[in-house]
Amino acid sequence: MSLDTLAARASHPLEVKNSRFLAQAAPAQTPDEALAFLAEVGDAAATHNCWAYRLGTQYRSSDDGEPAGTAGRPILAAIDGQGFDHVMVVVTRWYGGIKLGAGGLVRAYGGSAAECLRLADRTPLIAWRELHLAYPFEHTGAVHAALAQYAAEKLDERFDARGAHLHLRLPADRADALTTHLRDATRDRVHVANDRSGPSPDPALEKGR
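Given the structure is predicted, the values throughout are model-derived calculations rather than measurements.

S.K.: For this particular structure, what's the right way to read the pattern of salt bridges?
M.R.: Between side chains of opposite charge, a pair can form as their charged atoms come close. Evaluated as defined, the whole model comprises eleven salt bridges. Measuring nitrogen to oxygen at the nearest pair gives 3.9 Å for the salt bridge that ties Asp160 to Arg158. The class of Asp160 is partly exposed, set by a relative accessible area of 23%. Overlapping salt bridges bring together Arg158, Asp160 and Arg162 as one network.

S.K.: Where do I start with the environment of Thr30 in this structure?
M.R.: Here Thr30 shows up in the loop between strand S3 (19–27) and helix H1 (31–41). For Thr30, a relative accessible area of 36% gives the class partly exposed. Taking the C-alpha atoms as reference points, Thr30 and His86, 56 residues apart in sequence, are found 7.9 Å from one another. A polar contact of 3.1 Å, which involves the side chain of Thr30, links it to the backbone nitrogen of Glu33.

S.K.: Please explain the packing of helix H4 (residues 140–149) against helix H5 (residues 172–185) as it appears in this structure.
M.R.: Taken N-terminus to C-terminus, the directions of H4 and H5 make an angle of 155°; their axes are 10 Å apart at the nearest point. On the basis of their axis angle, the class for H4 and H5 is roughly antiparallel. The crossing of H4 and H5 is right-handed. Contacts between H4 and H5 involve Ala142, Val143, Ala146 and Gln149 on the former and, on the latter, Leu178, His181 and Leu182. Of the residues that constitute the contact of H4 with H5, the class distribution is five nonpolar, two polar and no charged.

S.K.: Is there a simple way to think about the sheet that holds S3 in this case?
M.R.: Backbone hydrogen bonds hold the strands of a sheet together, and the pairing may be parallel or antiparallel. Taken in spatial order, the five strands line up as S2-S3-S6-S4-S5 in an open sheet, and their pairing is antiparallel. With one partner strand each, in any of the chains shown, strand S2 (10–16) and strand S5 (58–62) form the two edges of the open sheet. Shown here is a sheet whose adjacent strand axes are inclined to one another by a mean of 15°, direction ignored. Across five bridges, strand S4 (residues 48–55) lies against S5 in antiparallel orientation. Bridge pairing links Trp51 to Ser62 in S5.

S.K.: Teacher, can you tell me more about the side chain of Ser112 here?
M.R.: Assignment of secondary structure puts Ser112 in helix H3 (residues 101–119). Reaching out from Ser112, the side chain makes a polar contact with the backbone oxygen of Tyr109 at a distance of 3.2 Å. If near-sequence neighbours (up to four positions away) are discounted, Ser112 is found in contact with His12, Leu14, Ala23, Val91 and Arg107.

S.K.: Mind showing me how you'd approach the pairing of S4 here?
M.R.: For a regular strand, side-chain orientation follows a simple rule: the groups alternate between the two sheet faces. Where burial is concerned, most of S4 is hidden: eight out of the eight residues are buried. Side chains His48, Cys50, Ala52 and Arg54 project from S4 onto one buried face, and the interleaved Asn49, Trp51, Tyr53 and Leu55 project onto a second face that is buried too. With seven bridges joining them, S4 and strand S6 (residues 87–94) adopt antiparallel strand pairing. Note that in S6 the partner of His48 across the bridge is Arg93. In this structure, the hairpin formed by S4 and S5 is closed by a connection of two residues, where Gly56 is found at a positive phi of approximately 65°.

Cut-offs applied
- Note that residues are indexed from 1 along each chain, following the sequence as it is written.
- For a predicted model such as this one, the threshold for reporting local features is a pLDDT of at least 70, and the threshold for listing and counting side-chain atom pairs is 80 or more; totals across whole chains, interfaces and linings nevertheless cover every residue.
- Processing note: side-chain calculations cover all non-hydrogen atoms of the structure and skip hydrogens and water entirely.
- Basic side-chain nitrogens of Lys or Arg form a salt bridge, by our definition, when they fall within 4 Å of a carboxyl oxygen of Asp or Glu.
- Each residue is assigned to one of three classes by its accessible area relative to the maximum for its type, calculated with a 1.4 Å probe on protein chains only: buried under 20%, partly exposed between the two thresholds, exposed over 50%.
- Secondary structure elements are taken from DSSP: a helix is a run of H or I of four residues or more, a strand is a run of E of two residues or more, and numbering for both begins at the N terminus.
- For the purposes of these results, a polar contact is taken to be a pair of N or O atoms within 3.5 Å, where, inside protein, one atom must be able to donate a hydrogen and its partner to accept one; residues adjacent in sequence count only when each atom of the pair is a side-chain atom.
- Every axis corresponds to a line fitted to the C-alpha atoms, with the helix fit spanning only the stretch in contact, and the corresponding angles, defined between N-to-C directions, vary from 0 to 180 degrees.
- Roughly parallel covers angles under 35 degrees, roughly antiparallel covers those over 145, roughly perpendicular covers 65 to 115, and oblique covers all other angles.
- Handedness of a helix crossing follows the sense of rotation of the near helix relative to the far helix, less than a right angle counterclockwise being left-handed and clockwise being right-handed.
- Contacts are residue-level and defined by heavy atoms, with any inter-residue pair within 4.5 Å sufficient.
- Under the scheme applied here, ten amino acids are nonpolar (Ala, Val, Leu, Ile, Met, Phe, Trp, Tyr, Cys and Pro), four are charged (Asp, Glu, Lys and Arg), and all others, including Gly, are polar.
- Any two strands are treated as partners once DSSP identifies two or more bridges connecting them.

On their own, these measurements won't tell you what the molecule is for.
Structure below.
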């Protein structure tokens, strides 16, 4: 299943039996970034600031004083149910004097988070791979021509007495094809080393925001 992250921050208000809820969501690449969003939008004067994040295989949630399992887990379930990853959601509650019960809390926290994400602008997460290329100067033209063909983004380029060194990023499902293409085009004169891979937003979409 393909997953999305948020194209921009989003929020959604909800009122249930005089209690006000405000779901706020943001894209996040690291746990520190997710918790920084909590510190930014959490209201110290509110009754509860409950939250959850999903960062690939990493996830955390907090009920922030609500009965166990009635807030953080429903928020996390909303993130997963809406097909999101690399997202942090904070749902703040201002108590209105009427108890909602465990079922009511689950519906309020999970529902506000789900609706916030459902209405939000999405951007696809793509598995990217970074490669390091080393090759003689005479093959620079062939290498650069291949970058556009395989939607590769040049991150860094340097030169020394031995030739050119190129650091690039491209969709992971095109990396093997690019490697084969370069080796065929240069008679195996390009040395390719893998760096790392992982899901992140499309950089072209990030630049357009």
